[in-house]
Amino acid sequence: MVFQGLHMLFAGNADREWKRGEKKLSEMVFIGKNLNQEWFQKQFEGCIAEGQSNSVKGHRFVE
């Protein structure tokens, strides 16, 4: 699934099937200026259900 949003516009479209042997990975990409990494990290960690693995892994900020 591919989601794309800009201001108040938002759309989601089905993407391709996973290839055999392909590592299944979900990514979120935020493009903007002066994004607050700490705020985003805290918000995503707040979405983790109680009793679930507390892993927001592999995140990286590129400026």
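Quick caveat, the model's predicted, so the values are computed rather than measured. (Residues numbered from 1 in each chain as written. Predicted model: local features only at pLDDT ≥ 70, side-chain atom pairs only at ≥ 80, totals over all residues. Heavy atoms only, no water.)

Undergrad: Help me get a handle on a nonpolar patch on the surface, residues and values and all.
TA: A surface patch of nonpolar side chains, about 420 Å² in accessible area, is lined by M1, F3 and F10. Relative to the helices and strands, M1 resides in the segment before β1 (2-6). (Patch = residues over 30% accessible without salt bridge, like charges linked within 9 Å, V, L, I, M, F, W, Y side chains within 5 Å. Areas by Shrake-Rupley, 256 points an atom, 1.4 Å probe, with all protein chains shown as cover. Salt bridge = Lys/Arg side-chain N within 4 Å of Asp/Glu carboxyl O. Helix = DSSP H or I, 4+ residues; strand = E, 2+ residues; numbered from the N terminus.)

Undergrad: Give a description of the packing of aromatic side chains that names residues and reports values.
TA: Taken as a whole and assessed by the stated rule, the structure comprises 3 aromatic pairs. Ring centres 5.7 Å apart and planes at 15 degrees place the aromatic pair F3 and F10 in the stacked group. On the basis of relative accessible area, F3 is assigned to the exposed category, the value being 52%. Here W39 and F40 contribute two aromatic rings whose centre-to-centre distance is 5.0 Å and whose plane-to-plane angle is 90 degrees, an arrangement assigned as edge-to-face. Under the relative-accessibility criterion, W39 is labelled partly exposed at 46%. (Phe/Tyr/Trp six-rings, centres within 6.5 Å; stacked < 30°, edge-to-face > 60°. Buried < 20%, exposed > 50% of the residue type's maximum accessible area, 1.4 Å probe, protein only.)

Undergrad: Describe the confidence of the model for the protein, with residues and values.
TA: Predicted confidence across the protein gives a mean pLDDT of 78, with 81% of residues reaching 70 or more. Model confidence for the protein, summarised as mean pLDDT per element, is weakest for β1 at 82 and strongest for strand β2 (residues 9-13) at 86. (pLDDT = per-residue confidence, 0-100.)

Undergrad: How would you explain the pairing of β2 if you had to name every residue and give the values?
TA: Where a strand is regular, its side chains alternate between the two sheet faces. In this structure, β1 lies alongside β2, joined through 5 bridges in antiparallel fashion. Directly across from Q4, in β2, lies its bridge partner A11. In this structure, the hairpin formed by β1 and β2 is closed by a connection of 2 residues, where H7 is found at a positive phi of approximately 55 degrees. (Pairing = 2+ DSSP bridges.)

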